[in-house]
Each structure stands twice: as structure tokens, then as C-alpha cells.
2 protein chains.
Amino acid sequence: MNTMQELDIKKFIDEKIKLIRETVMDGIAINALSGGIDSSTVTILGHRALGDKLKTVFVENGLMREKEAIQVAGIFKDLGVNIEIIDAREEFFSALKGITDPEEKREAITQTFYKNVFGRIVRESGAKFLLQGTILTDIDETIAGIKRQHNVFEQLGIDPLEVFGYNIIEPLIELRKDGVRKVGKTLGLPHELFDRIPFPGPALSARVIGAVTRERIETVRKATTIVEQMLKDTNAFQYMAILHEDRVTGMRNGKRDFGQQIEIRCWDSVDARTAEPTQLPFETLKKLALKIISDVPCIVSVTYNIAPKPPSTIEAV
Amino acid sequence: MNTMQELDIKKFIDEKIKLIRETVMDGIAINALSGGIDSSTVTILGHRALGDKLKTVFVENGLMREKEAIQVAGIFKDLGVNIEIIDAREEFFSALKGITDPEEKREAITQTFYKNVFGRIVRESGAKFLLQGTILTDIDETIAGIKRQHNVFEQLGIDPLEVFGYNIIEPLIELRKDGVRKVGKTLGLPHELFDRIPFPGPALSARVIGAVTRERIETVRKATTIVEQMLKDTNAFQYMAILHEDRVTGMRNGKRDFGQQIEIRCWDSVDARTAEPTQLPFETLKKLALKIISDVPCIVSVTYNIAPKPPSTIEAV
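Note that this is a predicted model, so its numbers are computed, not measured.

Caption draft 1: Geometry of the overall build of chain A. Helix and strand counts for chain A come out as 11 helices and 9 strands. Relative to its 317 residues, chain A shows a buried fraction of 61%. A fraction of 74% describes how many contacts in chain A between residues 6 or more apart in sequence connect residues 24 or more apart. In the form shown here, chain A has an accessible surface area of approximately 12900 Å², with 50% of it arising from carbon and sulfur atoms.

If you want it as C-alpha cells, here you go:
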């Protein structure tokens, strides 16, 4: 059941609802919503199955896009689902302090999320079941050793019951991105949320090469807002702004400005396994660059990715 | 006399030849040829003025483009001008070891070139007059504090007679790039050399962000060859490959490959004061990326610059 061509979506949903109900029984379940397709789909699927027995939290880690927490919670409120926003920014930035290695960043975020923030919420909630939006591509990439995804402990042979004290239910694990989108649509996710482009687990920290600070996250957040606004009508699979650590020479008001660079990536892809840079009109690229240069402090240079995956990956970090 | 529109080229050349002869008189002059438009033009101008009384050397610093020394010397041999190639690779790489700051790099190259290598050659040659291809744009940028050019001591108020023990003659100092091209053409520089795109003083070390090693120079040299071959018919003002220091995630043979990134810049400009990224066809960008990814070791990502100068500069370092 690898592609949606082979999949009866409604049957898939009914089976998963049944499975979730039979697993949780009269217990309480909990899940964390990031606002991405995967976690949004698993949230609505879980609420269809469990109603109020599923508690959904949105952890504000300081690494999300502009106004993300409020927007996502608002969308789910309209769907009759209450989302609790947890402010954990201080904990995440403290954990990330001084770390530049991408693997260590992911590890710090994972540990802070699971052990500290979400672990504490789960323990206090009394929930024994954790709903996760893991998809098949996460498993592929972890097995290949490309990236450690933070939601695949089970597949790596780590017992989540032992490590974090709860059970993981992963109803989307047979699907790839295209399948998840179809399931989300069928479950009634609004256009607005359904059409959100994929966003990585480590959020904007995956869009910053090198050290993660409040200032650098704010820089890449501003650029992300511009890129997402200007490319939202392209129908591309994914688009992003990446803040580089390398310094490049620039010039402002006739004076040297040793500044920073934003890389834009925009991908055509069906399922994220392979991807091609979108052939954006040069006018669009120029407008993007000019807007970023004028609105984002310290940015003197903007590039556009022109390499395919593989050998590139979708994200840079 | 800022633009060539106002300039009678032949009159300019005659005046400069007269000036050089009157300055050098029965002395000996020397100059270093890099193969760029500026140094090539000053070389042929100097030989028209002085003949064998001008000694021209090409310092092989290990930072030049593929086969550059041999090609340039061959072109001048055809013009009846003998060029002496000096192998100073060891001295330059030693001087650059451990340096990552762009200003310190320039300084190391400047000092190695002037004090050690070229200084020694000049002292041994008995020449008291140094011909330099400094142009007006170099002066503008130095005064603005954007970049330290290595050939503008005089304008910075440093007495070259005191510092390095010789006199500098800069016959092109009133001209910008477009003017130099016209003078070079009139002086009979062959199409092949005349059409060479501008190349920075610190050569490929200016195309490497971060540490300069033999290996990293070899990487950017390979990418430079590809970029120059594939873009030579674009009529762009300048094009280049830049090796970034930032590491980006890649994937080869299904496995994670934490690799490197090449940035391509291609500029439309008249005189380098302002410049726009050339609107290359997307097919060309794709071909460039695929060729670099397949032929240059360790490169998993390629980007194209889309920001104008200003606030960018032409070179990244």
C-alpha cells in the first residue's frame, strides 16, 4: 500500500479510526500538533476516533513561522478541536545555545521536546497513548542514515514505552506525502491548512546553518514569511528560506557591509523521495531577492537552489 | 575622463606610452601579469613603450584557473612578448594556512606576493619601476572601504618606494573596465585574451569562503572551469563559481553525504559599479548544476545568485 493509487482512502480512514479506538480503549491519548500536514492529519484523525479523549497541544518552541501557533489553533478551533498552546521558547533556546552541528541541534530539540516539554505535559496529563504523524518517507531516510527524524524511535529499535514512558500510535506510517494530503483532505482539513507546505520537525532551526539564536531565527523567520507569501501560488511541493552561516561581502550606502546570505529553495516533487528545483520565472526570483534584501536586516545576498535531490536533500540541515 | 565616450583612445595610448618612456627613461621596468584584462593591457602597453626594458613575470601562486599560466604565456608569446613563469605555490599555500578571515587572506596574499615573491624578483632584476594595472573602480572601492585591493598603496597614502622599494606606474588609473577593454583591443590584444572575464587579484582564494587549502582550491578550480566553459557564450560581464564553507546535507547512493555547496554568480554590468544577475535560461542553470554535481568531488548542492550589486558585491569574499 505504497501509493494512493492503490488506496481506498475512506476504507483506510475507517480502519485507522477503528485501530486507534481499539488501542486507546477507555484511556486518554495526547498528541502534539506542529501545523504541518502530517501532524494536522493525525490530529483530525485522532479527534474523529477519540473526541475529547485526545488532548492536542501546540508547543511554541520559538522556532515556528510567524504567528504559526495562533493561526493553527484558530483553524482547529473552527473544526471544533481545542488546541492548547504551550510556551516553551526559553527551554528550547537554552538547549540550543552554543550548538552548531546539525545532528546535535536535532538531538537538543528532540530531547527538549520529548524529555522536558512534551514528556512533562504527557506525564501531567495522565495520557498513556501518543499519536504521531510519522510517514513512510521518515522511515526510509532514517534507515538510509540520511537524517535522524525525531519521531521514529520505534523503527530504530528504541522502545518508546521504556524511553519516554508512553506508547506511540502512528496511523500514517504506510503513507507518503501525497497519501497524507489525500487523507487530510478527505477528513475535512480546510484548504488553508491542507495546502500548507511541508515544514521540518526541527522547524526554523533546520533553516539556519550554524548556531541557532533568537536573532538568527528571527532573520530566517522574516525571510520565510516573504518566500512563503511570494511562492504560495506556484503549486510547488515545498519552498523555503535558509540562513547561511558563511559571511559574504556586501555594500550599503557606499560602505562595506560584511553580511549574510539567504538561500531560497523551491521544489517540484510528488513524494519528497526525489525533487527538482522549480523553474520559477526570473522576474519572481528578482522580486524575492529585492524584497528580502530590503526587508530582512543584515542580508546582502540571496541565492536560488538549482541542484536536484539527489544528491541534494530537500532541507539543507 | 571617466567614460570611454569622452576618450580618444589612440590619443590616450600615445600619451601613456610617452609618459611611461619619460618616467622609466634608461631604467628597467617590471610588471606582473595575471592574465586579466587590466594586467594584460598594462603589459602590452608597457611593451609598446619599453620593449625589452620591461620584464614581465607570471607568478604561479597555485590559486589560478586551470592551465592559466601556460595559456597566458602562450598568448603573449604570439604577440612577441616573453613572459617568465615563477612557481611560488608553496609560499602562497604556507602563507594562507589556517587563515579564514577574508581580509587576512587578502593581506597574506598581498604580503606574500609583494614582499616575498615579487619583491624578491624585483630586487634581483634591478628594476626600479613597477607597472600596475590599477583602474578607477579599485580606487572607488578602496576609498569606500568595501574591499582592500592589493594594488592601491599609492592612493591609500602608503609610499610604495618606502614600503616595497620601488616606484609604481599606473597608466590605466583613469579608466573603468569598459575603457580598459577598449584600450586593450586597440593595442592588439587577441580576441581570446581580450574576452577573458575579469578575475580577482587574490584569484581563486577569493572564490573560497573560509580556509584556503590545496584541496579546496582544486574543488573551486574544477567548478570554475565548468562555469567558464558553459557560460562563455552568454556575453555576461562576469561569471564565477564560489565554494562555500557551510556544510549542507546531501545524499549519495542512498546514504547521507554531508557535503559542500557551490554558488554560481553571473553578472550583467557595464563597469562593475552596479550589476544585475544575468537571466540565464533555467535549462542552462540545470545543466550547470548537474555537471558540477557529477564532476566535482564532495559537491552536493549548487545555487545561483539572484541579488543585485548593491547591496551584494560582484565577488563573495
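The rest of the description comes next.
Caption draft 2: Looking closely at the interface of chain A and chain B. Listed as interface residues are 54 residues of chain A and, on the opposing side, 54 residues of chain B. Across the chain A to chain B interface the summed buried area is about 4200 Å²; carbon plus sulfur atoms make up 61%. In terms of surface lost to chain B, no three residues of chain A exceed M251, F282 and I306 of chain A, which account for 19% of the buried area on that side. Along the contact surface separating chain A from chain B lie 2 salt bridges. The residue R256 of chain A makes a salt bridge to E103 of chain B at a minimum N-O spacing of 2.7 Å. On the surface where chain A and chain B come into contact, there are 20 residue pairs in polar contact (both at pLDDT 80 or more).

Caption draft 3: Region of interest: the environment of Q71 of chain B. In this fold, Q71 of chain B is placed in helix α3 (residues 68-78). Expressed as a C-alpha distance, the spacing of Q71 of chain B and G35 of chain B, which sit 36 residues apart in the sequence, is 8.9 Å.

Caption draft 4: Focus on the pattern of salt bridges. All names here are of chain A. One pass over the structure, following the stated rule, counts 34 salt bridges over all chains. A salt bridge links K11 to E15, with the nearest nitrogen and oxygen atoms 3.9 Å apart. Here K11 and its partner E15 are both found in helix α1 (residues 9-24), 4 residues apart, which amounts to about one turn of the helix. Classification of E15 as partly exposed rests on a relative accessible area of 41%. One salt bridge in this structure joins R89 and D87, with 3.0 Å as the shortest N-O distance. Relative accessible area serves as the criterion here: at 37%, R89 is assigned to the partly exposed category. What you see here is one network of salt bridges that share partners, running through R65, E68 and E228.

Caption draft 5: Just the packing of helix α2 (residues 37-50) of chain B against helix α8 (residues 177-186) of chain B, in detail. Residue and element names in this part refer to chain B. Closest axis-to-axis distance for the α2/α8 pair is 9 Å, and the angle between their directions is 40°. As far as their axial angle goes, α8 and α2 are oblique. Seen from above, α2 lies across α8 with left-handed handedness. Across the interface between the two elements, I37, D38 and T41 from α2 touch K177, V180, R181, V183 and G184 from α8. Residue composition of the contact of α2 with α8, grouped by class: 3 nonpolar, 2 polar and 3 charged.

Caption draft 6: View of the relation of the copies chain A and chain B. Here chain A sits on chain B after a turn of 180° about the axis and a move of 0.0 Å along it, with an RMSD of 0.1 Å. Here the two chains are linked by the operation of a two-fold rotation axis. Taking C-alpha positions as reference, the residue of chain A nearest the rotation axis is Y304 of chain A, located at 2.6 Å. Both copies share a contact surface, since 100% of the interface residues of chain A are interface residues in chain B too.

Caption draft 7: Representation of the environment of A73 of chain A within the structure. All names here are of chain A. The residue A73 is located in helix α3 (residues 68-78) in this model. A C-alpha to C-alpha distance of 29 Å links A73 and I262, two positions 189 residues apart in sequence. With residues near it in sequence (within four places) discarded, A73 still touches I83 and I85.

Caption draft 8: The arrangement of the pairing of strand β7 (residues 255-268) of chain A in detail. Residue and element names in this part refer to chain A. Pairing geometry for strand β6 (residues 238-252) and β7, over 12 bridges, is antiparallel. Bridged to R247 within β7 is Q260. Note that β7 and strand β9 (residues 299-305) share 5 bridges and pair parallel. Considered in β9, the bridge of Q261 is made with S301. Of the strand pairs in this sheet, β7 and strand β8 (residues 276-277) are connected by 2 bridges, and their pairing is antiparallel. What sits directly across from W267, in β8, is P277.

Caption draft 9: Region of interest: the sheet that holds strand β5 (residues 167-169) of chain B. All names here are of chain B. Sheet architecture is open: 5 strands sit in the order β3-β2-β1-β4-β5, paired in parallel fashion. In this open sheet, the two strands that pair with only one neighbour each are β3 (83-87) and β5. Geometrically, the sheet is characterised by an average inter-axis angle of 30° between neighbouring strands, direction not taken into account. In terms of strand pairing, strand β1 (residues 29-32) meets strand β4 (residues 129-131) through 3 bridges, oriented parallel. Residue pairing in the sheet places N31 in a bridge with L131 of β4. Against the sheet, α3 contacts β2 (54-60) and β3, and its axis sits at roughly 165° relative to β3.

Caption draft 10: Structural detail: the sheet that holds strand β1 (residues 29-32) of chain A. Residue and element names in this part refer to chain A. Taken in spatial order, the 5 strands line up as β3-β2-β1-β4-β5 in an open sheet, and their pairing is parallel. Taken across any chain shown, the strands that pair with only one partner, and hence form the sheet edges, are β3 (83-87) and β5 (167-169). Strand-to-strand, the axes of this sheet are offset by a mean angle of 30°, without reference to chain direction. The sheet contact formed by strand β4 (residues 129-131) and β5 spans 3 bridges and is parallel. Across the sheet, residue L131 finds its bridge partner in β5, namely I169.

Caption draft 11: Spotlight on the packing of aromatic side chains. In the structure shown here, the tally under the stated rule is 4 aromatic pairs over all chains. Their ring planes at 70° and their centres at 6.3 Å tell us that F282 of chain A and Y304 of chain B sit as a pair that is edge-to-face. Note that F282 of chain A is positioned in helix α11 (residues 282-295) and Y304 of chain B in strand β10 (residues 299-305), a pairing that runs across two chains. Seen from the ring of F258 of chain A, R256 of chain A lies directly overhead, with NZ or CZ sitting 4.8 Å from the centre.

Reading the values: rules and limits
- Residues numbered from 1 in each chain as written.
- Chains lettered and ligands numbered in written order.
- Predicted model: local features only at pLDDT ≥ 70, side-chain atom pairs only at ≥ 80, totals over all residues.
- Heavy atoms only, no water.
- Helix = DSSP H or I, 4+ residues; strand = E, 2+ residues; numbered from the N terminus.
- Buried < 20%, exposed > 50% of the residue type's maximum accessible area, 1.4 Å probe, protein only.
- Contact = heavy atoms within 4.5 Å.
- Areas by Shrake-Rupley, 256 points an atom, 1.4 Å probe, with all protein chains shown as cover.
- Buried area = accessible area lost by both parts, 1.4 Å probe.
- Salt bridge = Lys/Arg side-chain N within 4 Å of Asp/Glu carboxyl O.
- Polar contact = N/O pair within 3.5 Å; in protein donor to acceptor, adjacent residues only side chain to side chain.
- Axes fitted to C-alpha atoms, helices over the stretch in contact; angles between N-to-C directions.
- Parallel < 35°, antiparallel > 145°, perpendicular 65-115°, else oblique.
- Left-handed = near helix turned anticlockwise from the far one by under 90°.
- Nonpolar A, V, L, I, M, F, W, Y, C, P; charged D, E, K, R; others polar.
- Least-squares fit on C-alpha atoms with pLDDT ≥ 70 in both.
- Pairing = 2+ DSSP bridges.
- Phe/Tyr/Trp six-rings, centres within 6.5 Å; stacked < 30°, edge-to-face > 60°.
- Lys NZ or Arg CZ within 6 Å of the ring centre and 35° of its normal.

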